[in-house]
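Chain residues, written in single-letter form:
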Amino acid sequence: MTDIAQPDRCIVCTTCTVMCPVAKNCLDFLGPRMIGPAHQRFRLLGMGEDESLHYCSNCKNCDISCPCDVPVSTFIMRARAEASREKPPKFRDWILAHGELLACWLRFIPAVFKNFGMGFAPVRLLLHALGIARQAPLPAFAAQTFRRKFKSLSQPQNLPRQVVLFPGCFVDIYEPESGLDIVAVLNRAGYEAITPEGFVCCGLPLVANGFWQNARQNARRNLEELARWTDRGLPVLTACPSCALMFGKDYAEYFPDLLPRNLSPVLVDVCEFLTGCMERGELSAPDVAPGAATTGDDHILYHAPCHLRALGAGLPGLELLRLIPGLRAEYADSGCCGISGSYGFKKDKYAIGMRVGSALFSAMRQSDAKLCASECGTCRVQMRHGGGKQTLHPVSILRRWLDGK
Amino acid sequence: MRAFRVVVIGGGATGIGILRDLSMRGVTAVLLEQGGLAYGTSSRFHGLLHSGARYAVSDVEAARECIEENAVLRRIGRHCVEKSEGLFVLTAEDDEAYVRPWLEACAEAGITTEAVAPDEARRLEPALSPEIRQVFRVPDGGIDGFRLVWHNAMSARRHGGQVRTCHKVTGIESANGRVTAVEVCDTLKKETYRLACEYVVNAAGPWSGEIARMAGQTVDITPDRGTLLAFNHRFTSHIVNRLHESADGDIFVPHGSITILGTTSARAKNPADTTPAPEEVLRLLSLGEPLFPAVREYRILRAFAGNRPLYTPPDHDAGRSASRNFVIVDHEKDGLAGFVSIFGGKLTTYRLMAEKMTDLVCGRLGVATPCRTAEVPLAEQPSEEMLARAARRLPAHRTQLVAERLGDQFADIVGGLEKSGGSDLLCECELVTRAEVELAAGDEATHFLHDIRFRTRLGMGTCQGSYCSLRAMGALTEIGAPFAADAQAALRLFLQERWRGLRPVMWGAQVQEIELGRAIYGSTLNLNGGDDETD
Ligand SMILES: Cc1cc2nc3c(=O)[nH]c(=O)nc-3n(C[C@H](O)[C@H](O)[C@H](O)COP(=O)(O)OP(=O)(O)OC[C@H]3O[C@@H](n4cnc5c(N)ncnc54)[C@H](O)[C@@H]3O)c2cc1C
Ligand code: SF4
Ligand code: SF4
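In every chain, residue numbers begin from 1 and rise along the written sequence. Chain labels run from A onward and ligand labels from 1 onward, assigned in the order the entries are written. Owing to the predicted nature of the model, reporting of local features is limited to residues with pLDDT of at least 70; listing and counting of side-chain atom pairs is limited to 80 or more, with chain, interface and lining totals taken over all residues. Side-chain measures were taken over the full set of non-hydrogen atoms in the model, leaving aside hydrogen atoms and water.

1. Here's the deal with the pattern of salt bridges
Between side chains of opposite charge, a pair can form as their charged atoms come close.
Then, number 1: Here a salt bridge means any side-chain nitrogen of Lys or Arg lying within 4 Å of a carboxyl oxygen belonging to Asp or Glu. Tallying each qualifying case throughout the model produces 60 salt bridges over all chains.
Then, number 2: A salt bridge links aspartate 250 of chain A to lysine 60 of chain A; the shortest N-O distance between them is 3.2 Å. Of this pair, aspartate 250 of chain A sits in helix α15 (residues 241-254) while lysine 60 of chain A sits in the loop between α3 (32-43) and α4 (61-65), placing them 190 residues apart in sequence. Taken as a pair, aspartate 250 of chain A and lysine 60 of chain A share a single burial class, namely buried.
Then, number 3: The residue aspartate 250 of chain B makes a salt bridge to arginine 54 of chain B at a minimum N-O spacing of 3.2 Å. Placement of the pair is aspartate 250 of chain B in the loop between β15 (239-242) and β16 (251-255) and arginine 54 of chain B in the loop between β3 (48-49) and α2 (60-76), with a sequence separation of 196 residues.
Then, number 4: Only protein chains enter the accessibility calculation, which uses a 1.4 Å probe. A residue is then buried if its area is under 20% of the maximum for its type, exposed if over 50%, and partly exposed in between. Its relative accessible area of 0% is what places aspartate 250 of chain B among the buried residues. We count a stretch as a helix when DSSP gives it H or I for four or more residues in a row; a strand needs E for two or more, and each element gets its number in order from the N terminus.

Next comes the structure, spelled out in structure tokens:
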């Protein structure tokens, strides 16, 4: 049994530091190798943290690039958790980490006020004072969460199969339409979707902002809930690569004691699932949408979220798009968008995030595609903000084609 | 004309301790060292500030010396001592019958022992074997040999003492049964000259037999080789000893960012025989398992060996049964006045050894000034003001580290940082800044990258010098450090010495590390000057 806290696997090749988008765009950040495995040796000696620890965005490009399988970002997140015990995170970080809870409270406020609130200049000034950048594309709370909308949704009768859908906070709170798109496509493939109340936020934003214990509580609840459904043989799907990563990889590294028999609990990527449906013939590929070729909507620029790449299971979203006849899906291949969950919203990180995303933004501008796609909700927010083009979840695009829109 | 009354041979802990003591008593003295400071056994040892508990049963007198000097060094050498405590652990393989006599012997020597419940010990050190049976806490500590020697040197200099490194003693001259001078070769300038003196102190550690022979004398020492393993991280924060009769591979010492396991004991071919063998490494690993069952999973940084200057009078065996006590021989009784040898002992007792030797020499020279080395700290504690100034230039967590490393030169570094910057890291594994490297390079006792390594820990971490040596050479070439003139040769020398310790441990992550280093220097930088492949 090798202790996860050991820095021994690192061979100091510095690949991770070269590949870290934050280190490249912020000279004050010592970078993943130093803050991760290198400082780990000094943490064991009781030495304090390097001040630049807070710059890490938890995008996990370090983990992706490391040839030695060093859990670099886990070192960093654990260190952040420790540092947060001594010095509690800012109120700003609390707000950004607890979107789910906020949404829960805001449920009682009518949507007009909520939206009004988020875009309203005085509110933004107040948030700015708290440390949330005024320019940042903070998404507005939806009038109704996905889960509430889902409850009043009537799915077609007598669907032959069932799946469980873990929507992820972003879809639930800010973009319920994407969730509804997914349910519609699942229905069409013959699946009834179930979205259990028992699941909570995967905890990734909590970890990234230093709320380790809260994340742990969420992990425990989610693992119990997951077991209930997988025991019944039902696959649990998610539309969010970060949630999938948190379940499939991070839980084991962060809270190994919570995992039954060291087994990695899996959330299935919804795009991968739908690709399977097409291959099995449960879902037939849509016809060429009428008029798409003339309006230019047949060309999509696809961006792969970092956390999807960190999962190391290919690019199912891109594959799914490429199964749509007549649609040209181009891979942007331009690295990180710079948002990293709530990172790019922070006043002291906004500019870094924008620099990180600049390669993607210019790829978006230079591309002929009018429409872009990405699985991650906050990536979509950042892409619209920085690249200036409409960006949707691949399944939303699929739905449009299926519906002939 | 004599510039110095006393010549001290050997720049290890013993010699440098004597130089400091003599200088503090106002005796003009020079120390001659064939290599650099601490090139001998004083850098090739385990780093344990003995409580004496290890020797309590076999040699209560040595144990008593240890515990007394342990307390002194904690006082005068705060920069060099790591206050980690020691645990003595009775493993599944050790004999319970040893515990009582050991406890009694410790009590007799004045070493406090405190029982710790095995569960509690495993809470303190989770990597310990679950099968441990009894645990006792003792006042062991860690000691940094490089730093100790350098801080002694700086203190000696402040009192007028001189240190000449790369000065190899080649002969000892005498007339009418009295030493008159030492013949010494400056190995860098390749010049040999005479140094007239009244007294010669032979503190050449495992080489002291050779020095004695130059004077036509003999001393009963046997160089006894011990091999040690340095691991990449600190998997224990306590010093962990096996509770049994001293044997091989039974102590783990956490040392800064690393952990050291040792040692072995075998007769050395010669005092310079310090290249470890893979068999010794494998043996140490299996010996370490009863304490730390996962020891094979931890990455070994390097293996190294040192030679104990063991005192072996004709009727004694060498090895573990030899005395750990020190011996002073006044060769006047054998017909050579003005020549004294000191050997044996431990690094822990270096100060006491120096005191006794200096007492003898001063007595003969008619100097009555008493010894003060047990009271006067080696280096001053940095002032709050200085720490605050440093904190403006260095990240907070590194200020203390730098202060401890540099001792009395801390103020110089802070001044330097304020004037010309240099807080960038050249050695990332051990957090060494450019300013520290430049400062160490400017010392007159520094002639090689190794000296900078000893002074700062440059090149001692995970990458074992692959990155920092190149960066350091670059920085030193820029400021025109003399030895950087032939940067390639200097670099090659440094890397070869690093690789000497890596060769016996070529497996796991370490072999990947070595391959990376080879690729950087052998291919990318073509350090060996291979031909152009297109020719
Ligand atoms: C494996 C091992 C582990 C040990 N562990 C511990 C421990 O944990 N704790 C402890 O307290 N002690 C320990 N010791 C013992 C301790 O290291 C030694 O007792 C101590 O370092 C000896 O110091 P020294 O100055 O006498 O010798 P050295 O450090 O060897 O110094 C002698 C110096 O003389 C120089 N010299 C030789 N010939 C000449 C010449 N002709 N001209 C000029 N200079 C010359 C050499 O280059 C050398 O630098 C250990 C020893 C070994 C071998
Ligand atoms: S997680 Fe991202 S920002 Fe953090 S160190 Fe790794 S690559 Fe850099
Ligand atoms: S963590 Fe991985 S990528 Fe980074 S330096 Fe170490 S081995 Fe290389």
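2. Comments concerning a nonpolar patch on the surface
Residue and element names in this part refer to chain A.
Then, number 1: Side chains of Phe91, Leu126 and Leu130 sit close together on the surface and give an oily, nonpolar patch of about 290 Å² of accessible area.
Then, number 2: Along the polypeptide, leucine 126 turns up in helix α9 (residues 121-130).
Then, number 3: Exposure remark for leucine 126: the relative accessible area of 55% places this residue in the exposed category. A patch consists of residues whose relative accessible area exceeds 30% and which take part in no salt bridge; residues with like charges are grouped when within 9 Å of each other, and nonpolar side chains (Val, Leu, Ile, Met, Phe, Trp, Tyr) when within 5 Å. The Shrake-Rupley method, run with a 1.4 Å probe, gives the accessible areas here. Residue values count only the displayed protein chains as cover.

3. Notes on unusual backbone geometry
Then, number 1: Going from glycine 262 of chain B to threonine 263 of chain B, the amide bond is cis rather than trans, its omega being -10 degrees.
Then, number 2: The phi torsion at aspartate 69 of chain A lies on the positive side, around 60 degrees, for a residue other than glycine.
Then, number 3: As for its position among the elements, aspartate 69 of chain A is in the loop between α4 and α5 (72-86).
Then, number 4: The backbone of leucine 431 of chain B sits at a positive phi, close to 55 degrees, despite the residue not being glycine.
Then, number 5: Mapped onto the elements of the fold, leucine 431 of chain B is located in the loop between β22 (425-427) and β23 (432-433).
Then, number 6: Overall, leucine 431 of chain B belongs to the buried group, its relative accessible area being 3%.

4. Structural notes on the site of ligand 2
Residues and elements named next belong to chain A.
Then, number 1: Around ligand 2, 13 residues are found, and the nearest of them are Cys20, Cys56, Cys59, Lys60 and Cys62.
Then, number 2: Within the residue set of the shell around ligand 2, elements represented by two or more residues are α2 (21-25) and α4.
Then, number 3: Under the scheme applied here, ten amino acids are nonpolar (Ala, Val, Leu, Ile, Met, Phe, Trp, Tyr, Cys and Pro), four are charged (Asp, Glu, Lys and Arg), and all others, including Gly, are polar. For the shell around ligand 2, the residue count by class is 9 nonpolar, 3 polar and 1 charged. In these notes, residues near a molecule or strand are those with any non-hydrogen atom within 4 Å of it.

5. As for the pairing of strand β2 (residues 29-32) of chain B
Residue and element names in this part refer to chain B.
Then, number 1: The side-chain alternation of β2 yields two buried faces, one formed by Ala29 and Leu31 and the other by Val30 and Leu32.
Then, number 2: Pairing between strands requires that DSSP locate at least two bridges from one strand to the other. Sheet topology places strand β1 (residues 6-9) next to β2; 4 bridges connect them, and they run parallel. Looking at β2, one finds that valine 7 is bridged to valine 30.
Then, number 3: By the criterion used throughout, a crossover qualifies as right-handed when its path from the first strand across the helix to the second strand runs clockwise, the strands pointing away from the viewer. Viewed along the sheet, the connection from β1 through helix α1 (residues 13-24) into β2 turns out right-handed.
Then, number 4: Pairing between β2 and strand β9 (residues 162-164): 3 bridges, direction parallel. Each bridged residue has a counterpart across the sheet, and for leucine 31 the counterpart in β9 is valine 163.

Just geometry here; none of it tells us what the structure is for.
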